[in-house]
Structures are given as C-alpha cells and as structure tokens.
Amino acid sequence: QLAIKQYERGRAIHDKLLCSVLISPGYDINEVFAKQSWLTKKLLLSLLKGNFVQKHGGVLRSHSNSRMLQQCSDSQCALEFFRTYSGHLSGFDSYSEFLMHSNPTETGKYAQIPALIINSRDDPICTAEALDEWKWLFTNKETCPNAILLETKYGSHSSFFSVFGGFWLDNIILDYVKAVYRIKRDQNRNPN
C-alpha cells in the first residue's frame, strides 16, 4: 500500500513540478553515518546538538516531547541523535516511518520528474563509499528512469565553491533547469 501511495503522490505532483535537484543526498540515510570518518561524526554530532537542541530547544520543547529532546541532547553519536530527531521530532511516529517517506533508497524509485543528483567524491557526509554503493539507483534506467547523476571530484558537502567567487554549481543547476524546460516545452508543442 505504501508503494501505491508513493506512486499516486508522485503522479499528483508530476504536472506541477518541472524537475528536481538533489545535492549530496544521503542515499541510505540509515547507513550514511557509518561511512563517515570519526572527525566528521564528532563535528556533525556537535553541529546537530548545537543547532537543534541548544539553538531551537525552546521551540522544540513547546511542540514535542521534552524527553525526546533530552535523548537528542544525551546522544553519543550522530546516528543516535538522528534516529531520535528524525523519528519523533520530525512529525513521524517512528524512525522507520521517517525512512519510508524520506530515505532516497526508498523513495527514489517513485521519482517521476527529471532529477539531477549531484555528489562530490570528497563529500565528508555523503561519502564516496556511499555514492559508489548507491549510484546505481540513479543511473539505472529501470530503477529511476528520469535521473541524471553528476559526480564531481571536488565540492565537499554542498559547497561547490568557485575560485573566482560564488558557487559554480549554481550555473550547472540553472543550465539543467533551462534544458528540462526547453525539452518539455518542445514536447508540448509536438506531442508525437
């Protein structure tokens, strides 16, 4: 039934969206933390606690179970934090439900609009190991026929800085969106 719901939800928005862009997707969110270096894990846990517990704790306490927020604060690793936060504090009944609705390995097959997936090999969060394990999902025409994977050597986790200032990725995304627009426009003009 979930597959039918996901497919129907995808069909409902198909005509409303031109395309999508996924930058450094988590691939299998449940596994991505295990593939990170110890330093990345420490920094990520610190950032998660600082941003969600310390910075927004007051708001989260007023809208959710304060015991869950305390569990996030007491977490010893990023995965433990993420499981608690992404489950109950993100509006889902459980972490498993969150994964069913959000994990790219679960939802990618329902993509019905053109998608550009961008990942760099030096990404410390969505690592080259995770990319190598899951890129088939976005390159295999049977599993995700509307996807294009752009794999870069450098870019870190979503930064893609240019030595001349700004982000070089902006132009790639705009070129992609323009190309999809032109293709769809031409298809609508000549339906055959």
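Preceding this paragraph is the structure being described.
Overview of the structure.

Moving on to the environment of Leu18. Along the chain, the position of Leu18 falls in the loop between helix H1 (2-14) and strand E1 (20-23). Assessed through its relative accessible area of 27%, Leu18 is described here as partly exposed. Separated by 162 residues in sequence, Leu18 and Val180 place their C-alpha atoms 7.3 Å apart. If we skip the residues at most four places from it in the chain, Leu18 touches Ile113, Pro114, Val177, Val180, Tyr181 and Lys184.

This part covers the pattern of salt bridges. On inspection of all chains with the given rule, the structure shows six salt bridges. For the salt bridge of Glu151 with Arg121, the shortest nitrogen-to-oxygen distance reads 2.9 Å. Here Glu151 is found in strand E3 (residues 147-152), whereas its partner Arg121 is found in the loop between strand E2 (115-120) and helix H9 (128-139), with 30 residues between them in sequence. Given the relative accessible area of 32%, Glu151 is considered partly exposed. According to the relative accessible area criterion, Arg121 is partly exposed, its value standing at 30%.

A word on the sheet that holds E1. The three strands are arranged E1-E2-E3 in an open sheet whose pairing can be described as parallel. For this open sheet the edge positions go to E1 and E3, each flanked by a neighbour on one side alone. In this sheet, adjacent strand axes meet at a mean angle of 15 degrees when their direction is disregarded. As judged from the six bridges shared by E2 and E3, these two strands associate in the parallel manner. Directly across from Ala115, in E3, lies its bridge partner Ala147. Contacts from H9 reach E2 and E3, with the element oriented near 150 degrees to E3.

Parameters at a glance
- Residues numbered from 1 in each chain as written.
- Predicted model: local features only at pLDDT ≥ 70, side-chain atom pairs only at ≥ 80, totals over all residues.
- Heavy atoms only, no water.
- Helix = DSSP H or I, 4+ residues; strand = E, 2+ residues; numbered from the N terminus.
- Buried < 20%, exposed > 50% of the residue type's maximum accessible area, 1.4 Å probe, protein only.
- Contact = heavy atoms within 4.5 Å.
- Salt bridge = Lys/Arg side-chain N within 4 Å of Asp/Glu carboxyl O.
- Pairing = 2+ DSSP bridges.
- Axes fitted to C-alpha atoms, helices over the stretch in contact; angles between N-to-C directions.

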